[in-house]
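Now for the letters of each chain:
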Amino acid sequence: MNVRELADVDALWRAAEAYLSRDPANNTHQLSAAKRIKELGARHGERFFVVYADDTAHELLASAIYVDSKALFLATMPPEAASALARHLRASDVPLCGVIGRRDLLPSFTDSYAKTFSTHVELMLYQLMKVPDYGRATGHARLATVDDLDLLIEWHRAFEIEVGMLNVPTPLAERVALRITHQQLILWIVDGIAVSMAGANPLPAASARIGPVYTPPTLRGHGYAQAVTAAASEHVQRDNPRTVFLFTDAVNPASNKAYQRIGYVHQSDHAHLLFDASDARAPLLRAEGIAISPRKNP
């Protein structure tokens, strides 16, 4: 097994484009990270890894991206490749705070990384399988504009607090403004007032991912989240057909049911694990035995 660190995201893309494109659903985190870094540059210590079957570097088994939050995005890979990657990162003293990937793959990584960890969030991956159903909500969708920037910063901040999202170096205002510029935020409008939002992120491999989806608590229960998600799902395919995915928190049954009503079907389970920063070489806790951490706002 041959683990290599590549110089930049372009080198990773040359090595792994075909490999990542074979399973855009389960590789969506890495496809999203690669796209973002290609557009903005590696400004916060991002790093890029591949795993080959042997020293000839002919058979690519895996790729991974170390992102700005010091988390590692794993693509789909054989368990032995995940183990080899974990051993390499541990031996290289990469300051890894967490790992995100398909749930059934993570034990192979954590067993070899050999640090205690907790589960930050359990994720369910869904794929849109039909024309999206808008449901019963009144109103209409429109693209967000710069005039909506302050509102959308407020809503994104509320969303990130509610789901317990970890801090990233890029300022929130910059992230939201960029998404508005790229026409990636959709609003649901009722009587001229914005009541809900959804992100729509086109990705490589003719895929796309929806998120975040947020409705202020006082406006929930009217079907706005379903409607705006349906609108975002159509918007992201306005130029070309795409396979559309989204993640939900596994402990939120209301959102899971809403996305199923739209036409999304569960595909696989993923998770975001956090490593204990104080653990030098502590005994490992098995991924299967750790409960979901409390949410800041269930």
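To be clear, the structure that these remarks concern was listed above.
Heads up: these notes are all about the structure in this document. (Residues numbered from 1 in each chain as written. Predicted model: local features only at pLDDT ≥ 70, side-chain atom pairs only at ≥ 80, totals over all residues. Heavy atoms only, no water.)

1. Considerations on the overall build of the protein chain
Secondary structure assignment for the protein chain yields 8 helices and 12 strands. Over its C-alpha atoms the protein chain spans a radius of gyration of 19 Å, differing by no more than 12% from the 19 Å that the globule rule assigns to 298 residues. Each principal axis of the C-alpha atoms in the protein chain carries an extent, and together these give about 60 × 40 × 35 Å. Across the 298 residues in the protein chain, those meeting the buried criterion constitute 52%. In the protein chain, once contacts between residues fewer than 6 apart in sequence are set aside, the share between residues at least 24 apart is 74%. (Helix = DSSP H or I, 4+ residues; strand = E, 2+ residues; numbered from the N terminus. Rg over C-alpha atoms; globule rule 2.2 N^0.38 Å. Buried < 20%, exposed > 50% of the residue type's maximum accessible area, 1.4 Å probe, protein only. Contact = heavy atoms within 4.5 Å.)

2. Details of the packing of aromatic side chains
A complete count under the given rule lists 7 aromatic pairs for this structure. Here F109 and Y113 contribute two aromatic rings whose centre-to-centre distance is 5.7 Å and whose plane-to-plane angle is 25°, an arrangement assigned as stacked. On the criterion of helical spacing, the pair formed by F109 and Y113 is a turn pair, its members being 4 residues apart in helix α4 (residues 106-113). Y113 shares its class with F109; the two are buried. Aromatic pair Y113 and F275: ring centres 4.6 Å apart, planes at 50°, arrangement tilted. Taken together, the positions of Y113 in helix α4 and F275 in strand β12 (residues 264-275) put the pair 162 residues apart, joining distant regions of the chain. (Phe/Tyr/Trp six-rings, centres within 6.5 Å; stacked < 30°, edge-to-face > 60°.)

3. Details of the sheet that holds strand β10 (residues 207-214)
With respect to topology, 12 strands assemble into an open sheet ordered β1-β2-β3-β4-β5-β12-β6-β11-β10-β9-β8-β7, the strand pairing being mixed. One side of each edge strand has no neighbouring strand; the edge strands of this open sheet are β1 (2-6) and β7 (140-143). The mean inter-strand angle of the sheet, taken between neighbouring strand axes irrespective of direction, is 25°. Two strands pair when backbone bridges link them, and strand β6 (residues 117-128) and β12 are joined in this way by 11 bridges, in the antiparallel orientation. Pairing of L125 across the sheet is with S268, part of β12. Across the sheet, helix α7 (residues 224-235) is in contact with β6, β7, β8 (185-190), β9 (193-203), β10, β11 (243-249) and β12; its angle to β9 comes to roughly 35°. Across the sheet, helix α8 (residues 253-262) touches β6, β10, β11 and β12, and the angle it forms with β11 is around 160°. (Pairing = 2+ DSSP bridges. Axes fitted to C-alpha atoms, helices over the stretch in contact; angles between N-to-C directions.)

4. Here's the deal with the nonpolar core
Soluble globular proteins tend to pack their nonpolar side chains together in the buried interior. In terms of nonpolar packing, the biggest core is built from 49 residues, with L72, L74, L85, L89 and F109 touching the most fellow members. With 7 residues, helix α1 (residues 9-21) is the single largest residue contributor to this core. Beyond its immediate sequence surroundings of up to four residues, L89 is in contact with F49, L72, V94, L96, F109 and Y113. Counting 25 residues, the second largest nonpolar core, distinct from the first, contains I210, A232, V236 and Y259. (Core = buried A, V, L, I, M, F, W, Y, C linked by side-chain atoms within 4.5 Å.)

5. Describing the packing of α1 against helix α2 (residues 28-40)
Remark: α1 packs on α2, axes separated minimally by 11 Å, with the N-to-C direction vectors making an angle of 150°. Between α1 and α2, the interaxial angle falls into the category roughly antiparallel. Two packed elements cross with a definite hand, and for α1 against α2 that hand is left-handed. Here V9, D10, L12, W13 and L20 of α1 come into contact with α2, specifically with Q30, L31, A34, I37 and K38. (Parallel < 35°, antiparallel > 145°, perpendicular 65-115°, else oblique. Left-handed = near helix turned anticlockwise from the far one by under 90°.)

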